[in-house]
Amino acid sequence: MEDLFNYIIGRYNYWAAIILLLIGLYGMIAKNNLLKKVIGMTIFQAAIILFYVSIGDKRGATIPILDHGHGTHQAIEAAAYANPLPHVLMLTAIVVGVSTLGVALAILQKIYRVHGTIEEDEILETIDQ
Amino acid sequence: MKKTALIIIAVLGILLLRAAEDLPSWGDPQSPASVHLSNYYLEESYEETSVPNIVTAVLADYRSYDTLFETVVIFCAGITVLLILRRTPRRWPKVISPRPNRPGADIILQTAARLLVPMMQLFALYVVAHGHHSPGGGFQGGVILGASLILLALSYDIEMALHRFKEKFVLLFSAGGVLLYAAIGLVCLYLGRNFLAYGAWADLLGISELAAHSHGMLGVEIGVAITVLCIMFSLYIDLASGGDLDEGL
């Protein structure tokens, strides 16, 4: 029983990321409305960001900013600070994600102007005619 | 379609949950991601760059080349939205002027926005300039600056915001931020160092190499902030008005 408890506590960050990822993927595949597909893509992105940031965490560690004070510099213990690399990667990924979301919304507006709808099947009908 | 999707999701979910068993447990200091390069950054970056915020040190110094092109990606996204949505000039050019007293304007909202915007911009400048010593940096500060302009455009209208910050300058500055970043790197190249090796600025500025790293990072963070600010604002005004840049939402 305790093993199972530790098993769940030890890895539920991955579970949260996987569940979010599946919700996003389901939205991208199954939804008919293109805007909902874009929302699915954003949820997918959030899952990846959550995954990376949770990898960077260390138990009992603080944020990767050193106590500063020039001159009074001591040896740094790496275990006391969270891993900075995933934070760096996700920091840029978030802003780039917002920009790509902007491009997606612009394309949606253009599609709506041309076809009068953003429902996938209705667009396919107008293309066939 | 929904059934196929559910089957795909179920299979993928089972595979991923099985794979998650082999991943290191949450918060393990000995996990593979935390034992190789990141320890070097944590232990040595202060010695090499004199910047206490290791995230900023890695972002703007060790991985500066990567960050330069992340900024280019943001710039390209802004230009793409402009190309897709922005309409060609009309036959009768519209006169852009602020209309603070249009019917339905909410005086409480507008007053609150007017009080908030300068505070947001001051805070954003602090986030950019103090990004070496506290959480912050160019991306975060740029987004806050962009949000302050978007707040102005939301509470008044887009025309009023554009009257303060003309579209021409928005686009010029968004390119200027990327160019500032690249120029800081090219100066290093010209002085016989690697691209974006900020140590080259030491002689030019008359400071030590360590301080040059810190100052070089501040320079590129300012470039990033300018680009992010302009692109966020440009994305909003184009998306909210469908490319017309009239009243908007």
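Note that the structure is predicted; figures quoted are calculated from it, not measured.

Rules of the game
Residues numbered from 1 in each chain as written. Chains lettered and ligands numbered in written order. Predicted model: local features only at pLDDT ≥ 70, side-chain atom pairs only at ≥ 80, totals over all residues. Heavy atoms only, no water. Helix = DSSP H or I, 4+ residues; strand = E, 2+ residues; numbered from the N terminus. Rg over C-alpha atoms; globule rule 2.2 N^0.38 Å. Buried < 20%, exposed > 50% of the residue type's maximum accessible area, 1.4 Å probe, protein only. Contact = heavy atoms within 4.5 Å. Areas by Shrake-Rupley, 256 points an atom, 1.4 Å probe, with all protein chains shown as cover. Lys, Arg positive; Asp, Glu negative; His and termini not counted. Charge placed at Lys NZ, Arg CZ, Asp CG, Glu CD. Patch = residues over 30% accessible without salt bridge, like charges linked within 9 Å, V, L, I, M, F, W, Y side chains within 5 Å. Salt bridge = Lys/Arg side-chain N within 4 Å of Asp/Glu carboxyl O. pLDDT = per-residue confidence, 0-100. 1 Å grid on protein atoms, 1.4 Å probe; cavity = no way out; pocket = protein on both sides within 12 Å on 5 of 7 lines; lining within 4 Å. Points joined across faces, edges and corners; volume = space filled by probe spheres on them. Nonpolar A, V, L, I, M, F, W, Y, C, P; charged D, E, K, R; others polar.

J.: Requested: an account of the overall build of chain B, with residues and values cited.
T.: A count of helices and strands for chain B gives ten helices and zero strands. Counting from the amino terminus, helix and strand elements in chain B follow one another as α-α-α-α-α-α-α-α-α-α. Here the C-alpha radius of gyration of chain B, 23 Å, is well above what a compact globule of 249 residues would show, namely 18 Å. Its C-alpha atoms give chain B principal-axis dimensions of about 65 × 60 × 35 Å. Burial statistics for chain B: of 249 residues in total, 47% are counted as buried. Expressed as a percentage of contacts within chain B between residues at least 6 apart in sequence, the contacts between residues at least 24 apart total 69%. Of the roughly 12,600 Å² of accessible surface on chain B, 68% is carried by carbon and sulfur atoms. Charged side chains in chain B number 16 positive and 21 negative. The centres of these two groups are separated by 19 Å.

J.: Tell me about a negative patch on the surface, residues and numbers included.
T.: Side chains of A:D121, A:E122, A:E125 and A:D128 sit close together on the surface and give a patch of like negative charge. Looking at where A:E125 falls in the secondary structure, it is placed in helix α4 (residues 120-128).

J.: So, the confidence of the model for chain B: which residues are in play, and what are the values?
T.: Here chain B averages 88 in pLDDT, while 92% of its residues score no lower than 70. Below a pLDDT of 50 lies the segment residues 91-99 of chain B, which in the model reaches nine contacts outside its immediate sequence neighbourhood of four places, other chains included.

J.: Which residues make up empty space enclosed by the protein, and what values go with them?
T.: A full pass over the atoms with the stated rule returns two cavities of 30 Å³ or more. The calculated volume of the largest cavity comes to roughly 60 Å³. Every residue lining the largest cavity is listed: A:N13, A:Y14, A:S54, A:I55, A:D57, B:P24, B:S25, B:W26, B:G27, B:D28 and B:S31. Mapped onto the lining of the largest cavity, the elements with two or more residues apiece are α1 (2-30) and α2 (34-55) of chain A. Residues belonging to the lining of the largest cavity are distributed by class as follows: four nonpolar, five polar and two charged.

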